[in-house]
Amino acid sequence: QVQLVESGGGLVQAGGSLRLSCAASGRTFSSYTMGWFRQAPGKEREFVAAITPSGISTYYADSVKGRFTISRDNAKSTVYLQMNRLKPEDTAVYYCAARNPPTTVPPPSTAWKYDYWGQGTQVTVSS
């Protein structure tokens, strides 16, 4: 079992930046594939980014490629999402997710393939 706690959300103007963090409990963080998803009001949860346990392989949704960067610090059991050049359409609740081994490359972009979820953090981008 792993528990995930997101932080770093907030209100930002279009063009601005935010960095989300997701702190994980448990001793086996370094074995989990980690992902970020988001859900806007009235919409389905959608994939944002994912990273393999080693951090070597990353994968992004086309809508955020070149603007967002996922990274992880296994020593701190934390995964990050650096979000730059934010747009109003990035407004959503952002969720952190963890997937049990085995590792797949590229990491999965489908929500049901992840086993653990955080409670989410709100990101609002004003125009």
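One can find the structure itself at the top, above this paragraph.
In short, a report on the structure. (Residues numbered from 1 in each chain as written. Predicted model: local features only at pLDDT ≥ 70, side-chain atom pairs only at ≥ 80, totals over all residues. Heavy atoms only, no water.)

1. Some points on the nonpolar core
Argument step 1. Residues Leu-4, Met-34, Trp-36, Val-79, Leu-81, Met-83 and Tyr-94 are the most contacted members of the largest nonpolar core, which totals 36 residues.
Argument step 2. When residues of this core are traced back to their parent elements, those giving at least two are strand 3 (18–24), strand 4 (33–39), strand 5 (46–51), strand 7 (68–73), strand 8 (78–83), strand 9 (92–99) and strand 11 (121–126).
Argument step 3. Contact partners of Met-83, with chain neighbours within four places excluded, come to Gly-16, Ser-17, Leu-18, Leu-20, Arg-67, Phe-68, Tyr-94 and Val-123. (Core = buried A, V, L, I, M, F, W, Y, C linked by side-chain atoms within 4.5 Å. Buried < 20%, exposed > 50% of the residue type's maximum accessible area, 1.4 Å probe, protein only. Helix = DSSP H or I, 4+ residues; strand = E, 2+ residues; numbered from the N terminus. Contact = heavy atoms within 4.5 Å.)

2. Concerning the side chain of Arg-99
Argument step 1. Position of Arg-99 relative to the elements: it lies in strand 9.
Argument step 2. The side chain of Arg-99 sits in the buried core without any salt bridge; Asp-115 is the nearest counter-charge, 5.5 Å away.
Argument step 3. Within the structure, the side chain of Arg-99 is placed 3.1 Å from the backbone oxygen of Lys-113, a separation counted as a polar contact. (Lys, Arg positive; Asp, Glu negative; His and termini not counted. Salt bridge = Lys/Arg side-chain N within 4 Å of Asp/Glu carboxyl O. Polar contact = N/O pair within 3.5 Å; in protein donor to acceptor, adjacent residues only side chain to side chain.)

3. A closer look at the state of the cysteines
Argument step 1. Applying the stated criterion across every chain yields a total of one disulfide.
Argument step 2. With a sulfur-sulfur separation of 2.1 Å, Cys-22 is cross-linked through a disulfide to Cys-96. Between Cys-22 and Cys-96 the sulfur-sulfur dihedral comes to about -75°; the bridge is accordingly left-handed. Of this pair, Cys-22 sits in strand 3 while Cys-96 sits in strand 9, placing them 74 residues apart in sequence. Judged on exposure class, the residue Cys-22 and its partner Cys-96 are both buried. (Disulfide = S-S within 2.5 Å.)

4. Observations regarding unusual backbone geometry
Argument step 1. Residue Pro-102 follows Pro-101 across a cis peptide bond; omega there is 10°.
Argument step 2. Examined against the element boundaries, Pro-102 turns out to sit in the loop between strand 9 and strand 10 (116–117).
Argument step 3. With an omega dihedral of 0°, the bond running from Val-105 to Pro-106 counts as a cis peptide bond.
Argument step 4. Within the secondary structure, Pro-106 sits in the loop between strand 9 and strand 10.
Argument step 5. Even without being glycine, Ser-77 reaches a positive phi, approximately 50°.
Argument step 6. You can see Ser-77 is positioned in the loop between strand 7 and strand 8.
Argument step 7. Backbone geometry places Arg-85, a non-glycine residue, at a positive phi of 50°.

5. Things to note about the sheet that holds strand 1 (residues 4–7)
Argument step 1. Taken together, the four strands give an open sheet; going across it, the order is 1-3-8-7, and neighbouring strands pair in antiparallel fashion. Every interior strand has two partners, whereas the edge strands, strand 1 and strand 7, have only one. Across the sheet, the axes of successive neighbouring strands diverge by a mean angle of 15°, strand direction being ignored.
Argument step 2. The pairing of strand 7 with strand 8 spans six bridges and is classified as antiparallel. (Pairing = 2+ DSSP bridges. Axes fitted to C-alpha atoms, helices over the stretch in contact; angles between N-to-C directions.)

6. Concerning the pattern of salt bridges
Argument step 1. Within the structure shown, the criterion is met by four salt bridges.
Argument step 2. A salt bridge links Arg-38 to Asp-90; its shortest N-O distance comes to 2.9 Å. Here Arg-38, found in strand 4, pairs with Asp-90, found in the loop between strand 8 and strand 9; they are 52 residues apart in sequence, far enough to count as distant. The residues Arg-38 and Asp-90 share a single accessibility class, namely buried.
Argument step 3. Members of the salt-bridge network, linked through shared partners, are Arg-38, Glu-46, Arg-67 and Asp-90.

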